[in-house]
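Inside the fold
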Amino acid sequence: GILKDEVKSSSELGIYVQSDEAFSDESVAFVHDLAVSSLDEHEELLTASSIVTTVSFLIEMPDTTQLPPRGIDVANAYALAPPGIKASVAACPDADAGGCSVEEVDSLNLIFRTAAGSLEDRAVVVNDIRDSVSPPEGISATPSGLAVVGVGLLENLEANRTLLTYVALALVFVFLLLRLRGLVRALLCMVPVLMGVGATSLIAYAAGFKLSPLTALGGPLVIAACTEFTSLILTRHMEERRRGLDPQAAADMASARTGRAFATSALTTIVGVGVLATSPLPLLRDFGILTAVNVAVALLAALIVLPPIMVWADERGWVAAKRWGPGSNDPVPTGGRERPLRAE
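Parameters at a glance
- Residues numbered from 1 in each chain as written.
- Predicted model: local features only at pLDDT ≥ 70, side-chain atom pairs only at ≥ 80, totals over all residues.
- Heavy atoms only, no water.
- Helix = DSSP H or I, 4+ residues; strand = E, 2+ residues; numbered from the N terminus.
- Contact = heavy atoms within 4.5 Å.
- Areas by Shrake-Rupley, 256 points an atom, 1.4 Å probe, with all protein chains shown as cover.
- Phe/Tyr/Trp six-rings, centres within 6.5 Å; stacked < 30°, edge-to-face > 60°.
- Buried < 20%, exposed > 50% of the residue type's maximum accessible area, 1.4 Å probe, protein only.
- Expected span 1.5 Å × (residues − 1).
- Bend = angle between axes of the 7 residues up to and from the residue.
- pLDDT = per-residue confidence, 0-100.
- Core = buried A, V, L, I, M, F, W, Y, C linked by side-chain atoms within 4.5 Å.
- Salt bridge = Lys/Arg side-chain N within 4 Å of Asp/Glu carboxyl O.
- Disulfide = S-S within 2.5 Å.
- Patch = residues over 30% accessible without salt bridge, like charges linked within 9 Å, V, L, I, M, F, W, Y side chains within 5 Å.
- Lys, Arg positive; Asp, Glu negative; His and termini not counted.
- Charge placed at Lys NZ, Arg CZ, Asp CG, Glu CD.
- Pairing = 2+ DSSP bridges.

**Concerning the overall build of the protein chain**
Each helix and strand in the protein chain was counted, giving 11 helices and 7 strands. Within the protein chain, contacts between residues at least 6 apart in sequence are counted, and of these 71% link residues at least 24 apart. Carbon and sulfur atoms make up 61% of the accessible area of the protein chain, which totals about 18700 Å².

Right, dumping it as structure tokens:
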């Protein structure tokens, strides 16, 4: 964090330039022009570093047109460079710790230092350079480095995040359908889940949370938490109906007896992950805040949305197959054991 504040940068974007003659005038001019034009066009790029820019910036004169250096001048600078510098600015097929000879070099590195910012901002720069660079024939330029890795990860997350959410919803619905043995019951549990997923997405967008490998887990996380709450409330409601209560009374009893346990569980989770919100790392901070929001939304969706629609469906005979009364011998689920009801 201190280093980032001092240098105003946290990453880099590399351009890997390959050529049959790396130190030809044409190759050197291409690297020089790419460095100058990219710095002028993108504020996110702070500095450019390569063996070519080292020479071209040395011969730059104030208030004059920037001209690329000659290939022979860059080759001579490379030949005099220490082995460590040679290894970082150029490469060849048979490079060793001492670097390559001038004749062996077939690629040059151009490294841009990038300003601190989000992956979304870097994606714009990386994609623009990738699409706009037109090297001469025989020369290729490939973006590389940490910025490209981060942008690639972001694009994969964006492409798969929606699919992962849909897959999680489908698997949860199938499980509820098999466990509750009723289409309406499974749908009742899913309604608050769907509302919770939508609400957390809107909250994340409004709060400006940045997409990351951790915050991308928001959808499946709220699905898991909300499904747990809704399924327990519904099954408890069905137990109270078996005891002879009418739909509204059964819903009130189920919410009263399970709501406090849910609230306690949710609050402990919120407090536990909420500690991450104090982290100086944006990745962990956003994850802690978003997870706490997800759990809170899941709890509210289960306790506020489910009971009224559950009563509405039960009054139409879509939840309980029949109305049980006191003294009935129908079994009541008791954690895997069954016992007959006793008249009260």
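**Quick look at the packing of aromatic side chains**
Here the structure, examined in full by the defined rule, presents 3 aromatic pairs. Between Phe229 and Phe262, the ring centres sit 5.0 Å apart and the planes meet at 40 degrees, which makes this aromatic pair tilted. Taken as a pair, Phe229 in helix 9 (residues 218–242) and Phe262 in helix 10 (residues 247–274) lie far apart in primary sequence, 33 residues in all. Given the relative accessible area of 3%, Phe229 is considered buried. Seen in terms of ring centroids, Trp312 and Trp318 are 5.3 Å apart; in terms of plane orientation they differ by 80 degrees. Their pairing is edge-to-face.

**Some remarks on helix 11 (residues 282–315)**
Taking 1.5 Å of rise per residue, the 34 residues of helix 11 would be expected to cover 50 Å, and the 49 Å separating its terminal C-alpha atoms lies within 8% of that figure. The sharpest bend along helix 11 measures roughly 40 degrees and falls at Leu306, with the proline Pro307 sitting one to four residues further on.

**Digging into the confidence of the model for the protein chain**
Per-chain confidence: the protein chain averages 82 in pLDDT, with 87% of residues scoring 70 or above. Confidence over residues 322–344 falls short of pLDDT 50; this stretch has 35 contacts with residues more than four positions distant or in other chains.

**Comments concerning the nonpolar core**
Counting 36 residues, the largest nonpolar core has Leu13, Phe23, Ile51, Tyr78, Val105, Leu108 and Leu110 as its most contacted members. Those elements that provide at least two residues to this core are strand 1 (9–19), helix 2 (25–41), strand 2 (45–49), helix 3 (51–58), helix 4 (71–80), strand 4 (107–115), helix 6 (119–132) and helix 7 (146–180). Looking at this core, the element that brings in the most residues is helix 2, giving 5 residues. If we skip the residues at most four places from it in the chain, Leu110 touches Leu13, Gly14, Ile15, Val31, Leu34, Ala35, Ala48, Ser49, Ser50 and Thr53. Judged by nonpolar contacts, the second largest core, of 32 residues, contains Phe262, Ala301, Ala302 and Val311.

**Overview of the pattern of salt bridges**
Counted according to the given criterion, the structure contains 5 salt bridges. Two residues, Arg236 and Glu239, come together in a salt bridge whose shortest N-O distance is 3.9 Å. Pair noted here: Arg236 and Glu239 are both in helix 9, with a separation of 3 residues, about one helical turn. Each member of the pair, Arg236 as well as Glu239, carries the same accessibility label: buried. We note a salt bridge from Arg257 to Glu240, for which the minimum N-O separation is 3.8 Å. In this pair, Arg257 sits in helix 10 while Glu240 sits in helix 9, placing the two residues 17 residues apart along the sequence. Each of Arg236, Glu239, Glu240 and Arg257 takes part in one network of salt bridges that share partners.

**A few points about the side chain of Thr165**
Assignment of secondary structure puts Thr165 in helix 7. Of the residues examined, Thr165 reaches a relative accessible area of 12% and is grouped as buried. Contact partners of Thr165, with chain neighbours within four places excluded, come to Val197, Gly219, Pro220 and Ile223.

**Topic: helix 9**
In this model, helix 9 (25 residues) spans 36 Å end to end at C-alpha, consistent with the 36 Å of a helix rising 1.5 Å per residue. Counted residue by residue, helix 9 has 19 buried out of 25 residues, so it is predominantly covered. At the exit of helix 9 stands Gly244, carrying a positive phi of roughly 105 degrees.

**Let's talk about unusual backbone geometry**
Positive phi is not limited to glycine here, since Arg181 has a value of about 55 degrees. Summarising the element assignment, Arg181 is placed in the loop between helix 7 and helix 8 (183–207).

**Some thoughts on the environment of Ile233**
Take Ile233: it is sitting in helix 9. Assessed through its relative accessible area of 0%, Ile233 is described here as buried. Residues Ile233 and Cys189, spaced 44 residues apart in sequence, show a C-alpha to C-alpha distance of 9.0 Å.

**Brief notes about the state of the cysteines**
A full pass over the atoms with the stated rule returns 1 disulfide. Looking at Cys226, it has no disulfide partner, and the nearest cysteine sulfur is the one in Cys189, 9.2 Å off.

**Thoughts on a negative patch on the surface**
On the surface, a cluster of negative charge is contributed by Asp40, Glu41, Asp128 and Asp131. At the level of elements, helix 2 and helix 6 are the ones that each hand at least two residues to the negative patch. Following the sequence through the fold, Glu41 ends up in helix 2. On the basis of relative accessible area, Glu41 is assigned to the exposed category, the value being 56%.

**A word on the pairing of strand 4**
Of the strand pairs in this sheet, strand 1 and strand 4 are connected by 9 bridges, and their pairing is antiparallel. Residue pairing for strand 4: Leu13 is matched across the bridge by Phe112. Where strand 2 meets strand 4, 4 bridges bridge the pair, whose relative direction is antiparallel. Opposite Ser49, over in strand 4, you have Ile111 as the bridge partner. With 2 bridges connecting them, strand 3 (residues 90–91) and strand 4 associate as antiparallel partners. In the strand pairing of strand 4, Ala90 is matched with Leu108.

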